[in-house]
Amino acid sequence: MALRVRERTSMSLYERSFLPEVVRGLGVTLRHFFTNLIFRGSWRYTETVRYPFEKRTYPERFRGQHRLLPREDGSPRCVACYLCATACPAYCIHIVAGESPERAVEKYPVAFEIDLLRCIYCGFCVEACPEDAIRMDTGIHTPAFLSREDGVVGRVDLLSLLGRPQTPEAFGAQNVREGKPRGQ
Amino acid sequence: MASLLVSLLAFAAIVTFAMSLAALLTWMERRQSAYAQDRLGPTRAHFMTFRGKPFVLFGLFHVLADGAKMFFKESFMPKGADATLFRVAPIIGFATSLIILCLIPFGPDWVTATSASYPLQVARVDGSMLIALAVGSLGIYGTALAGWASNNRFAMLGAMRAAAQSVSYELALGLTLVGMMIATGSTEFSAVVDAQHGLVFGFLPNWGIVWQPFAAVLFLVAAMAETKRTPFDLPEGESEIIGYFLEYSSMGFGVFMLTEFIEVVVLSCLFVSVFLGGWQLPWFVGDTSSGFIFGSLFGPSAGWARALDGMVVFGVKVFLMCALQLQIRWTLPRFRYDQLMRLGWKNLLPLALANIFVTAVLVYVDPSLALLAIVGVAMVVGFALVVMAGPKRVAQPSHGAH
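Let me begin by describing the structure that accompanies this report.

Here is what the cut-offs are and how they apply
- Residues numbered from 1 in each chain as written.
- Chains lettered and ligands numbered in written order.
- Predicted model: local features only at pLDDT ≥ 70, side-chain atom pairs only at ≥ 80, totals over all residues.
- Axes fitted to C-alpha atoms, helices over the stretch in contact; angles between N-to-C directions.
- Helix = DSSP H or I, 4+ residues; strand = E, 2+ residues; numbered from the N terminus.
- Parallel < 35°, antiparallel > 145°, perpendicular 65-115°, else oblique.
- Left-handed = near helix turned anticlockwise from the far one by under 90°.
- Contact = placed C-beta atoms within 7 Å.
- Expected span 1.5 Å × (residues − 1).
- Bend = angle between axes of the 7 residues up to and from the residue.
- Buried ≥ 20, exposed ≤ 12 C-beta atoms within 10 Å, placed from the backbone.
- Pairing = 2+ DSSP bridges.
- Nonpolar A, V, L, I, M, F, W, Y, C, P; charged D, E, K, R; others polar.

1. Notes on the packing of helix α9 (residues 250–275) of chain B against helix α11 (residues 303–329) of chain B
Residues and elements named next belong to chain B. Closest axis-to-axis distance for the α9/α11 pair is 9 Å, and the angle between their directions is 120 degrees. One element, α9, and the other, α11, form an angle in the oblique class. Between α9 and α11 lies a crossing of right-handed hand. Here Val264, Val265, Ser268, Cys269, Phe271 and Val272 of α9 come into contact with α11, specifically with Phe314, Lys317, Val318, Met321, Cys322 and Gln325.

2. Structural notes on helix α1 (residues 2–36) of chain B
Taking 1.5 Å per residue as the helical rise, α1 of chain B with its 35 residues ought to reach 51 Å, and the 48 Å between its terminal C-alpha atoms agrees with that figure. Along its length, α1 of chain B shows its largest kink, about 30 degrees, at tryptophan 27 of chain B. Looking at α1 of chain B, one finds that the buried residues are Ala10, Ile14, Ala18, Leu21, Ala22, Leu25, Glu29, Arg31, Gln32, Ala34, Tyr35 and Ala36 of chain B. Looking at the buried residues of α1 of chain B, the elements they touch are α2 (19–38) of chain A together with α3 (83–101), α9 and α11 of chain B.

3. A few points about the sheet that holds strand β2 (residues 93–99) of chain A
Overall, antiparallel pairing links the three strands, which are arranged β2-β3-β5 (chain A) in an open sheet. In the strand order of this sheet, the two ends are held by β2 and β5 (152–153) of chain A, each with one partner.

4. Topic: the pairing of strand β3 (residues 107–115) of chain A
Alignment of β2 of chain A against β3 of chain A, held across seven bridges, turns out to be antiparallel. Looking at β3 of chain A, one finds that isoleucine 93 of chain A is bridged to isoleucine 114 of chain A.

5. Focus: the interface of chain A and chain B
Counting residues at the interface gives 20 residues for chain A, matched by 18 residues for chain B. Here the side of chain A that touches chain B gets 13 residues from one element, more than from any other, and that element is α2 of chain A. Residues that form the side of chain A that touches chain B fall into these classes: eleven nonpolar, six polar and three charged.

6. Thoughts on the packing of α1 of chain B against α11 of chain B
Two packed helices can be described by the angle between their axes and the distance between those axes. Residues and elements named next belong to chain B. Axis separation between α1 and α11 bottoms out at 10 Å; the angle between their running directions is 40 degrees. Judged by the inter-axis angle, α1 sits oblique to α11. Every pair of crossing elements has a handedness; the one defined by α1 and α11 is right-handed. Together, Phe17, Leu21, Leu25, Met28, Glu29, Gln32 and Ala36 of α1 and Gly315, Phe319, Cys322, Ala323, Leu326 and Gln327 of α11 make up the contact between the two elements. In terms of residue class, the contact of α1 with α11 is made up of nine nonpolar, three polar and one charged.

Given below as structure tokens:
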């Protein structure tokens, strides 16, 4: 065990007199005070955002509330493969699969519910989806609920949401994509 | 009769000035500290909107909100408290501060057209500097009684600290003024202010701070300790003992808080009168004046214009001194108790005594005070050089594993 003895150094006269350092400290606080007093915008040191009145723009990949993407005919792109529900670490996605009337599509979600009170907004469901059917690009915060039941969002509500307009092309700008399942 | 009326008017003027400035200081304390710490400060209190945004007026409504809050809180008195002393204690400190204000000349004598002269000073009494020190010492009774009457150990602890601190720093406070008494040959505020007229060396204001820069600094330190604000706020010590006003609520606490800010104003008034030339501003307001605001508009010869100019200059100086005190309060951390006592007894007191000795010698050698001014300016220049040169930075031993 290495024992290190640190010598106690007494303060020099310069330090013990306090005054020069007090003056220098005053210089620092006065610099901040007058900079914040006189300037606006990026010259300021202050970074505060007055939240309800000002809102900062979120990054492009901000994960907001989920939405389901529709095909051109308005039916969900989801094929009820359960990959999102399997990937979900919070077990918040509940899917009931049904047989699709279309020949090209095997299954469709009879029910697709997300419990927003359980969701941790990790985005794994988006990455797991092979159909680009679920995204988190709405930019919406989790809303407040009055009961636990209100926290469960169903298929119709999820389909009705739109992506943020500033979502870049590379990440998928359209709100409706051609409803052709991959591999056909 | 007329002089009594003028005294009453002067009293109303200085008390209104001090009270409004103290109220403003509660806002300045928040706003100034916020800007110094890169925050925004109070921005919420409002009662109407302007262009869709809340009309906050730089947060000035917080002063009103504070007052309203204080009035509507429950006025609580703990069990076992001494009812009379508990109620009287806040008033004592408040009253003593106002008494000191009465001794401060806040403008030149108001000379009317009929060449009657009225002093802009509530009480012009001989030895008013000594009276100010004596009355200022009484202020500690309010604090000590508040702590004792509360029937609370922590309040008592705060009161004890306040008493010890006050006693320790009063000595230095009084002794730092002795230098100015020697230099001006008077212990009366208006005489001291009058002695600071004109220029020294033809370009520097002939103020006490030029003759006695060291005493001015010592006085400021001692007086800040007397106001019991950071870095000398051990009697409050909100993170450890809360302090002598621990049991006070409602306006009882409000008066303590207001007293604190009034004390800041009073200290600024004292400092401005003794070290910053009072209501005088060389080149503008003084003996050879061209007039300031009113003087330049209506001619400096008009007595009332000269008086108003003096009041404006005095007010601005006091305001700036208050701002400096707030800035110091938001720059420095709190002293430890033993450091506080060491600073008071082992540093300030001997230095104040040395200052008296040196001042007396310099004034004896050269009664025209030129030598005193030369030494004073040399000290300021030397100090500025030391600050600009900075310290010898010693390499700190690095922390962490090796």
